[in-house]
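Chain residues, written in single-letter form:
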Amino acid sequence: MVRRRHSRQRDLIYDYVSATKLHPTAETVYQELKEVCPGLSRGTVYRNLNQMVEEGRISRLPFQVERYDGNTRPHPHLICSDCGQVTDLKLEYDEALDASASETLGCQIQWHESYFYGRCAQCVAGAEQGE
């Protein structure tokens, strides 16, 4: 793993992605940080996010628009079909699923990702209130 030199912008980007549970897009990271760091460019955000993914410091989530996650351990996500929000699910990682798939396929599964699709709590609450 190649570590790149530290910079204020790089640290701000990492700190933002690591602190949020919103799984931001690169554009969201840029919009949130440009006021704090006026010299920040979109290119700098994209370049640093990609480098952090290569280093294993953050994860890239493969949705229609790439999102980033500061939690690099395997864990499931809920993708809201109404608002598009991505939320971590507090479910234990299922190692038995890896073992079962390995046995069934005759291979060695190292890990898996799970995505659940449905409506987030906010959208369900809004629908119940007639919004």
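Structure first, text after, so check above.
Rules of the game
- Residues numbered from 1 in each chain as written.
- Predicted model: local features only at pLDDT ≥ 70, side-chain atom pairs only at ≥ 80, totals over all residues.
- Heavy atoms only, no water.
- Core = buried A, V, L, I, M, F, W, Y, C linked by side-chain atoms within 4.5 Å.
- Buried < 20%, exposed > 50% of the residue type's maximum accessible area, 1.4 Å probe, protein only.
- Helix = DSSP H or I, 4+ residues; strand = E, 2+ residues; numbered from the N terminus.
- Contact = heavy atoms within 4.5 Å.
- Axes fitted to C-alpha atoms, helices over the stretch in contact; angles between N-to-C directions.
- Parallel < 35°, antiparallel > 145°, perpendicular 65-115°, else oblique.
- Left-handed = near helix turned anticlockwise from the far one by under 90°.

(A) Spatial organisation of the nonpolar core. Of all hydrophobic cores here, the largest spans 15 residues; its most connected members are I13, V45 and L49. Among the secondary structure elements, those contributing two or more residues to this core are α1 (8-19), α2 (26-33) and α3 (42-55). When sequence neighbours within four positions are dropped, the list of residues in contact with L49 reads I13, V17, A26, I58 and Y68.

(B) Layout of the packing of α2 against α3. At a minimum axis separation of 9 Å, α2 and α3 run at an interaxial angle of 125°. The angle between α2 and α3 places the two elements in the oblique class. Relative to α3, the crossing made by α2 is right-handed. Seen from α2, the contacting residues are A26, E27, V29, Y30 and Q31; seen from α3, they are R42, V45, Y46 and L49.

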